[in-house]
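Structural characterization, general
Given next are the chains, with one letter for each unit.
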Amino acid sequence: MSETQSGVETGQTFLHVICGSRTGNSLAAGRLAHEYANHLGIKSQLHDMKTIDPDQVAHIRNMLIAVSTHGEGDPPAVVEDFYNFMHSPDAPSMKGTRFSVLALGDSSYKDYCKTGHDFRKRLLELGSEEISPLVECDIDYEENAMNWVREAVASFENILPKTGIINEKEFAFEINKIETGSDGVYYAEVKDIQLLTSPDFLKRTFHLVLSVEKFASSFFPGDSFGIYAHNSRLLVDKLLKNLRFDGTHALIDGKSRKLLKEALISDYEITVITPVVVEKYAELIQSNELTAFISDKSMLGLYCETSDVLDLVTDFPSEISPEDFVSILRKLNPRLYSVANSPQVFPDEVHFTVGLMEYDLKNRRHSGVCTTYFSDRINIGDTIPVFLEANENFRITDEDSKPVIMIATGTGIAPFRGFLQYRDHKKATGDNWLFFGDRHAESDFLYQNELEGYLEKGILTRLNTAFSRDQAEKIYVQHQMLENSKELFHWINDRNAEIYLCGNKRTMGKDVRETLALIVANQGRLSPAKADEYLQNLRTEKRLKTDLY
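Residues numbered from 1 in each chain as written. Predicted model: local features only at pLDDT ≥ 70, side-chain atom pairs only at ≥ 80, totals over all residues. Heavy atoms only, no water.

1. Let's talk about the environment of Thr 115
- The residue Thr 115 is located in helix 3 (residues 114–125) in this model.
- The buried category is assigned to Thr 115, whose relative accessible area is 0%.
- Sequence-wise, Thr 115 and Gly 254 are 139 residues apart; in three dimensions their C-alpha atoms are separated by 34 Å.
- Contact partners of Thr 115, with chain neighbours within four places excluded, come to Val 67, Ser 68, Thr 69, Gly 73, Asp 74, Pro 75 and Tyr 83. (Helix = DSSP H or I, 4+ residues; strand = E, 2+ residues; numbered from the N terminus. Buried < 20%, exposed > 50% of the residue type's maximum accessible area, 1.4 Å probe, protein only. Contact = heavy atoms within 4.5 Å.)

Shown next as structure tokens:
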């Protein structure tokens, strides 16, 4: 039997652990809860939200939920079906059910644990009883997750009979992380790196090509790869100088030792700060000024959007130890990039569209962790560590005759380049319509020659572009969508087109989804509520797919 089970054991003495995991962290926490319950003699079942039968949830009376949040408060794609069912009128009464929730996320986003809170709220609405408090986890989730497992399972230990085999050995409380990607880390050779944007403009976007000749797993446009990058040594040197730390100071973690400078280069996030990091720092240094500052959540959010760790310790200086300093930092996570090619067209290669994050603030250049990595520290012939993160819910349809609508801004064009290559290679007969937006046509019309070539060839049936800063009044992709409302609705409603949306959640996701709802309401003569229901049906039918970051 697989580790997670779709069938629900209906016995009232069972504890059901339901996981909704994008990268494997929620599953790792859920697995620990499942194993700990069994260790105590409590019969337990481990389920995946992706495969569990929603209709059987009504039979569950003892439930633990471990679920992650994707970006700005959305459920991960693998969770959407279960999430939508539980929030629909079809959700069963859960009266008599006891539950606890572990909410995982990334605090660089405002609503980073929202999906977990949504489940908690909904279960209470359906009549459930919360037996143990919800626990939030940031990307450094292990300690909070283990504490939740101890408390939540202990709460059920007091009320469930021990009908299983009790293990007398001491339980090893340890999160066994799930490897992201079936083959773990793969070292890919850099075959090419080209600047896509004009050197006359400040914003830079690169096209990166890696060799994956001996990569064992299949991948598709719509999937992503994680790239492990290290922090800039120059930025680390500035940070050490500001804090008056000796870079050769040894950090000791259990039995391992690492020099402070090397740890800051390879292990800790220093180009991004979150409200959680600032709050930890404020608690550490006991600064009245910083405590007053973080009381204004709006100001704190704005500060975190533009500042890094060097800004934080410069703006609010204090005498602290290296150990205390690294205790407030987040672990350095890999950066995810969408596959920008079809392997059928470019075998043994994976392509990425990499937008660099760089801006001037407080008399110095600020850069993202991958920005200096791609622009200054890798060359053709180098190898870089990557891993595959498959996304089965954002792949081009296999129905060659199906019309496809693609809506992208900036580097969100990446998967659609792969989609078009795939459709061209298969000689698919279905029409393809692309909406693409960015800042300037002269600099930011990414893959312009390729896209216009597809248009001439007939692979692209329609191409609508919106370059927001080429005129006094800003024009975005949603304006192009509204201008083509009638035809767009015809494709969706009458031709059963599939819709794909990819881009930055903060700058376009909400606006584009609201525009789709407006078009459906106006063209379909529907109320706003009915238009929302229409779009929800498209999601349920897998005809509206989003990849927002």
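Right, picking up where we left off after that structure.
2. Overview of the packing of aromatic side chains
- Throughout the structure, instances matching the rule amount to 29 aromatic pairs.
- Judged by centre distance (5.5 Å) and plane angle (50°), the ring pair of Phe 215 and Phe 225 falls under tilted. Taken together, the residues span a long stretch of sequence, with Phe 215 in the loop between strand 8 (205–211) and strand 9 (224–227) and Phe 225 in strand 9 at a distance of 10 residues. Each member of the pair, Phe 215 together with Phe 225, is buried.
- Ring-pair connections join several aromatic residues into one group, and the members of that group are Tyr 186, Phe 215, Phe 219, Phe 225, Tyr 337, Phe 352, Tyr 373 and Phe 374.
- We note Arg 462 situated over the ring of Trp 433; from NZ or CZ to the ring centre the distance is 4.2 Å. (Phe/Tyr/Trp six-rings, centres within 6.5 Å; stacked < 30°, edge-to-face > 60°. Lys NZ or Arg CZ within 6 Å of the ring centre and 35° of its normal.)

3. With respect to the sheet that holds strand 21 (residues 544–548)
- Strand order across the open sheet formed by 5 strands is 19-18-17-20-21, with parallel pairing between neighbours. Looking along the sheet, the strands with just one partner apiece sit at the ends: strand 19 (462–467) and strand 21. Recorded for the sheet is a direction-independent mean angle of 10° between the axes of neighbouring strands.
- Looking at chain direction, strand 20 (residues 498–503) and strand 21 are connected through 5 bridges and run parallel. Paired with Leu 501 across the bridge in strand 21 is Thr 546. (Pairing = 2+ DSSP bridges. Axes fitted to C-alpha atoms, helices over the stretch in contact; angles between N-to-C directions.)

4. Section: the sheet that holds strand 16 (residues 383–389)
- If you trace the 6 strands from one edge of the open sheet to the other, you get 12-9-16-7-8-13, paired in antiparallel fashion. Of all strands in the sheet, those with a lone pairing partner are strand 12 (335–338) and strand 13 (349–355), marking the two edges. On average, each strand axis in the sheet is tilted by 40° relative to the strand beside it, whichever way the strands run.
- Relative to strand 13, strand 8 is paired through 7 bridges, and the arrangement is antiparallel. Among the inter-strand pairings, Phe 206 is bridged to a residue of strand 13, identified as Val 354.

5. A look at the nonpolar core
- Membership of the largest hydrophobic core comes to 35 residues, with the highest contact counts inside it found for Leu 264, Tyr 281, Leu 290 and Phe 325.
- The contact partners of Tyr 281, leaving out residues within four places of it in the chain, are Leu 290, Leu 312, Val 313, Phe 316, Pro 317, Ser 318, Ile 320 and Ile 328. (Core = buried A, V, L, I, M, F, W, Y, C linked by side-chain atoms within 4.5 Å.)

6. Structural notes on a nonpolar patch on the surface
- A cluster of nonpolar side chains, Val 185, Tyr 187 and Tyr 228, forms an exposed patch at the surface whose accessible area comes to about 300 Å².
- Turning to its location among the elements, Tyr 228 is positioned in the loop between strand 9 and helix 5 (233–243). (Patch = residues over 30% accessible without salt bridge, like charges linked within 9 Å, V, L, I, M, F, W, Y side chains within 5 Å. Areas by Shrake-Rupley, 256 points an atom, 1.4 Å probe, with all protein chains shown as cover. Salt bridge = Lys/Arg side-chain N within 4 Å of Asp/Glu carboxyl O.)

All quantities given are derived from atomic positions and should not be read as evidence of function.
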